[in-house]
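Spelled out from the first residue to the last, the chains are:
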Amino acid sequence: MRDLLNHSNTLYLGTACCHDNPGRICNCYDCIRLGFFGGDETYSCIKRLCYYTMNYGSAYVSEIYHFLSASQILENNFNDSTISILSLGCGFGPDYIAMEKYIYDNNLNINFQYVGVDIEDNWNRIRQQNNGIYYTQDILQGFDASKYEIVFLNKIYSTLKSNNQDGLFLDILQDRIDNNFLQGSYLVFNDINHRDLGRDKFHGRISQHARTVNRYFYNIQRAYTGNYTAIDNMQNICEIPNNLAVRPKLEVTKVVFFLYQISRA
């Protein structure tokens, strides 16, 4: 993660703002925040991608790392094995970084092959230090999940919802679960803990097609608890370089993790 942050910082400092218009004062944070609440949530601007990675990257990696610890999904199901991971809307690959560190820190005998899919080609300029395999692809055109033991959805659903594409995605995901996911595989939903950003709609639909193993939440900022299990560890687990142009968020954000298993009759 340290190398990724340094690389993002170098790109950020050497890249002009995509809103470089006379008289406009622009802050990448403003663009990202507007996207969270129904504005243009696209990531085609390199400077914005770098800001996003530096600002949120360590928090997002830490969230997934602590989810792995709370769920024990790796130790309980995949020790002494090699598994395949699919990340839909992978961005800079926080799940890859979290998996790699968690396996190393806990001395697990697990190897994993990671495939990340994202519609935004510019992420390839950010994630040069990650050793996964990455494809530029629109998942709304369909995807193949038949070879993967774990499929991650990290904050992609709220993005699709802000772009009015969540219904189409749920149709595709439901079809893939019913007809294409590997029997016994796991689906990890990681997204914002807010009723207006799709949390309940997603669970209401997907829980009819996959077995709910557990639901987790971070108990911060008066978060909605639902019938969820609290993840108590909220600290940053990443090494942060000094003198980044963008100050990283060091603690987790207000998110939920829903863990499902594909179990067909």
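None of the values given here were measured: they were computed from a predicted structure. For every chain, the first residue of its written sequence is number 1, and the numbers climb from 1 along that sequence. For a predicted model such as this one, the threshold for reporting local features is a pLDDT of at least 70, and the threshold for listing and counting side-chain atom pairs is 80 or more; totals across whole chains, interfaces and linings nevertheless cover every residue. The basis for every side-chain value is the complete set of heavy atoms in the structure, and neither hydrogens nor water enter the calculation.

1. Description of the overall build of the protein
1) Next: Along the protein, the regular secondary structure elements total nine helices and eight strands.
2) Next: Relative accessibility thresholds used throughout: buried, under 20% of the residue-type maximum; exposed, over 50%; partly exposed, between the two (1.4 Å probe, protein chains only). Every one of the 265 residues in the protein was classed for burial, and the buried ones make up 54%.
3) Next: Contact definition: two residues touch when any of their heavy atoms are within 4.5 Å. For the protein, the proportion of contacts with a sequence separation of at least 24, taken over those separated by at least 6, is 79%.
4) Next: All accessibility values rest on the Shrake-Rupley procedure with a 1.4 Å probe; residue burial counts only the protein chains present in the view. Within the structure as shown, the protein displays about 12,300 Å² of accessible surface, and the carbon and sulfur contribution to it stands at 42%. The way it works is that DSSP assigns letters per residue, a run of H or I at least four long becomes a helix, a run of E at least two long becomes a strand, and they are numbered from the N terminus.

2. Considering the packing of helix α1 (residues 2-13) against helix α3 (residues 46-71)
1) Next: Where α1 meets α3, the axes come as close as 9 Å, and the angle between the chain directions of the two elements is 145 degrees. Considering how the two elements wind past one another, α1 and α3 form a crossing that is left-handed. For the pair formed by α1 and α3, the contact residues are Leu4, Leu5, Ser8, Asn9, Leu11 and Tyr12 on the first element and Lys47, Cys50, Tyr51, Thr53, Met54 and Ser58 on the second.
2) Next: Residue type decides the class: Asp, Glu, Lys and Arg count as charged, Ala, Val, Leu, Ile, Met, Phe, Trp, Tyr, Cys and Pro as nonpolar, and the leftover types, Gly among them, as polar. Here the residues of the contact of α1 with α3 sort into seven nonpolar, four polar and one charged. The convention used is that axes are lines fitted to C-alpha atoms, helices contributing only their stretch in contact, and that angles between N-to-C directions extend from 0 to 180 degrees. Helix crossings fall into two classes, left-handed where the near helix is turned counterclockwise from the far one by less than a right angle and right-handed where it is turned clockwise.

3. Side note on the sheet that holds strand β4 (residues 150-154)
1) Next: By definition, two strands form a pair when at least two bridges between them are found by DSSP. Sheet architecture is open: eight strands sit in the order β3-β2-β1-β4-β5-β8-β6-β7, paired in mixed fashion. The open sheet terminates on both sides in strands that have one partner only, identified here as β3 (133-136) and β7 (229-230).
2) Next: Taken strand by strand, helix α5 (residues 94-105) contacts β1 (81-88), β2 (110-118), β3 and β4, and its axis lies near 170 degrees from that of β2.
3) Next: Sheet contacts for helix α9 (residues 199-206): β4, β5 (186-192), β6 (211-217) and β8 (255-261); angle to β8, the most-contacted strand, approximately 5 degrees.

4. Quick notes on the pattern of salt bridges
1) Next: The term salt bridge refers to a side-chain nitrogen of Lys or Arg lying within 4 Å of a carboxyl oxygen of Asp or Glu. This structure, assessed with the given rule, holds seven salt bridges.
2) Next: Between Asp166 and Lys201 there is a salt bridge, with the nearest N and O atoms lying 2.9 Å from each other. Residue Asp166 is found in helix α8 (residues 166-179), and its partner Lys201 is found in helix α9; the two are separated by 35 residues along the sequence.
3) Next: The buried category is assigned to Asp166, whose relative accessible area is 9%.
4) Next: Judged by relative accessible area, which is 44%, Lys201 ranks as partly exposed.
5) Next: A salt bridge links Arg205 to Asp171, with the nearest nitrogen and oxygen atoms 2.4 Å apart. Taken together, the residues Arg205 in helix α9 and Asp171 in helix α8 connect sequence positions 34 residues apart.
6) Next: The exposure class of Arg205 is partly exposed, given its relative accessible area of 23%.
7) Next: Classification of Asp171 as partly exposed rests on a relative accessible area of 44%.

5. Some details on α5
1) Next: Taking 1.5 Å of rise per residue, the twelve residues of α5 would be expected to cover 16 Å, and the 16 Å separating its terminal C-alpha atoms lies within 8% of that figure.
2) Next: Turning to α5, its buried residues number three or more, namely Pro94, Asp95, Tyr96, Ile97, Ala98, Met99, Tyr102 and Ile103.
3) Next: Just downstream of α5 lies Asn107, where phi reads positive at about 50 degrees. By definition here, a helix of n residues has an expected span of 1.5 Å times n minus one.

6. Some remarks on the pairing of β4
1) Next: For β4, a buried count of five out of five residues is recorded, marking the element as mostly surrounded by other parts of the structure.
2) Next: Where β1 and β4 come together, four bridges link them in parallel fashion. Bridge pairing in β4 links Leu86 to Val151.
3) Next: As paired strands, β4 and β5 are joined by five bridges and run parallel to one another.

7. Brief notes about the confidence of the model for the protein
1) Next: pLDDT measures how confident the predictor is about each residue, on a scale from 0 to 100. Confidence along the protein averages 90 in pLDDT terms, with 89% of residues attaining 70 or more.
2) Next: Confidence over residues 35-41 falls short of pLDDT 50; this stretch has 19 contacts with residues more than four positions distant or in other chains.

8. Let's talk about the side chain of Arg199
1) Next: Among the secondary structure elements, Arg199 is positioned in helix α9.
2) Next: For Arg199, a relative accessible area of 5% puts it in the buried group.
3) Next: Any pair of nitrogen or oxygen atoms within 3.5 Å is treated as a polar contact; in protein, a donor-acceptor pairing is required on top of that, and neighbouring residues in sequence qualify only through side-chain atoms on both sides. A distance of 2.7 Å separates a polar atom in the side chain of Arg199 from a polar atom in the side chain of Asn193.

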